[in-house]
Amino acid sequence: MRLNRGPTATREPADTKERILAAAERMFSRQGYAASSLRSIIADAGVNLAAVHYHFGSKEELLRAVVHRRVGPVNEERLRLLDEYERAARGKRLPVRKVLEAFLAPAIRLSREPDGAAMVRMVARLYIEDALGELAQHEFGEVIERFNAALRRSLPELPERELLLRTYLGMGAVALAMRGPQTFPGPLSEQLKDAGEAEILRGLLDFLSAGFRAPWRRGRGSRCAS
């Protein structure tokens, strides 16, 4: 008599499309887009080339699907939070910290998920390679437009150029926060290795909101007073 041993010890592999997406993300994060051939991706995924063409058509479309798979839900959550905070403000000026929280919280949360580090590396590599192209506008265009408008409403005293400069500098801090303090060598990495999502987000919000609210000094390119 055959005994019913319940579920097998090994799970069935994910469907073909998901395996291809996961393999492509791994390859793009390790090697970058240009160095990742379709053949290396299908070898990692354990599928044939026809499966890639069936599900995605081309390497370019595969890249779009990989990026949207990670970035799409983050951007949806960003816009949802911004809408929620603006409704709660009832027409009043939204504090810059709340604007930043809506933008940053979903991204920091994703970066702390099991596959988050690979995602951060992948996006960083794609930007360095300039591989995103029009895809960046497609994935981030609406989010950038909405949050730039929200920051302008929160900081009407800042000239447009100064707001863009502070946004540009702030994104550097965001990129480092998403990579995590363990990427720094030496004592900093050791002392902050246990910093969790809440601590990183709180510190980033404190730092950036203070920077955005700092008084603006008229005059471009002037030296700081010693």
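See above for the structure.
A brief look at the structure comes next. Just so it is clear, the model here is predicted, and its values are computed rather than measured.

**Some details on the overall build of the protein**
Reasoning step 1: Scanning the protein from terminus to terminus reveals ten helices and zero strands.
Reasoning step 2: Ordered by position from the N terminus, the helices and strands of the protein form the series α-α-α-α-α-α-α-α-α-α.
Reasoning step 3: A sequence separation of at least 24 residues applies to 77% of the contacts in the protein between residues at least 6 apart.
Reasoning step 4: Total accessible area on the protein stands at roughly 14500 Å², and carbon and sulfur atoms take up 54% of it.

**Quick look at the side chain of Glu 25**
Reasoning step 1: Along the chain, Glu 25 turns up in helix H1 (residues 16–31).
Reasoning step 2: Ignoring any residue separated from it by four or fewer positions in sequence, one finds Glu 25 in contact with Val 66, Arg 69, Arg 70, Asp 115, Ala 118, Met 119 and Met 122.

**Brief notes about the side chain of Ser 154**
Reasoning step 1: Summarising the element assignment, Ser 154 is placed in helix H7 (residues 134–154).
Reasoning step 2: Classification of Ser 154 by relative accessible area gives buried; the value is 6%.
Reasoning step 3: Residues contacting Ser 154, with those up to four places away along its chain left out, are Arg 93, Leu 94, Pro 95, Val 96 and Val 99.

**Re the pattern of salt bridges**
Reasoning step 1: Counted by the stated rule, this structure contains 16 salt bridges.
Reasoning step 2: Taking the shortest distance from any N to any O, the salt bridge between Glu 197 and Arg 109 comes out at 3.8 Å. Residue Glu 197 is located in helix H10 (residues 197–213), and its partner Arg 109 is located in helix H5 (residues 96–111); the two are separated by 88 residues in the primary sequence.
Reasoning step 3: With relative accessibility at 32%, the residue Glu 197 sits in the partly exposed group.
Reasoning step 4: In the salt-bridge network here, residues are joined through shared partners; they are Glu 18, Glu 25, Arg 69 and Arg 70.

Here is what the cut-offs are and how they apply
- Residue numbers run consecutively from 1 along every chain, following the written order of its sequence.
- For this predicted model, a pLDDT threshold of at least 70 governs which residues receive local features, and a threshold of 80 or more governs which side-chain atom pairs are given and counted, while totals over whole chains, interfaces and linings are taken from all residues.
- Only hydrogens and water are set aside when side-chain values are computed; all heavy atoms of the structure are taken into account.
- Think of it this way: any DSSP run of H or I at least four residues long counts as a helix, any run of E at least two long counts as a strand, and we number them from the N terminus.
- By the convention used here, residues are in contact when the closest approach between their heavy atoms is within 4.5 Å.
- To measure how exposed things are, a 1.4 Å probe is used in the Shrake-Rupley method; for residues, cover is taken only from the protein chains shown.
- Buried means the residue's accessible area, taken with a 1.4 Å probe over protein chains only, is under 20% of the maximum for its type, while exposed means over 50%, and partly exposed covers the values in between.
- We count a salt bridge whenever a side-chain nitrogen from Lys or Arg sits within 4 Å of a carboxyl oxygen from Asp or Glu.

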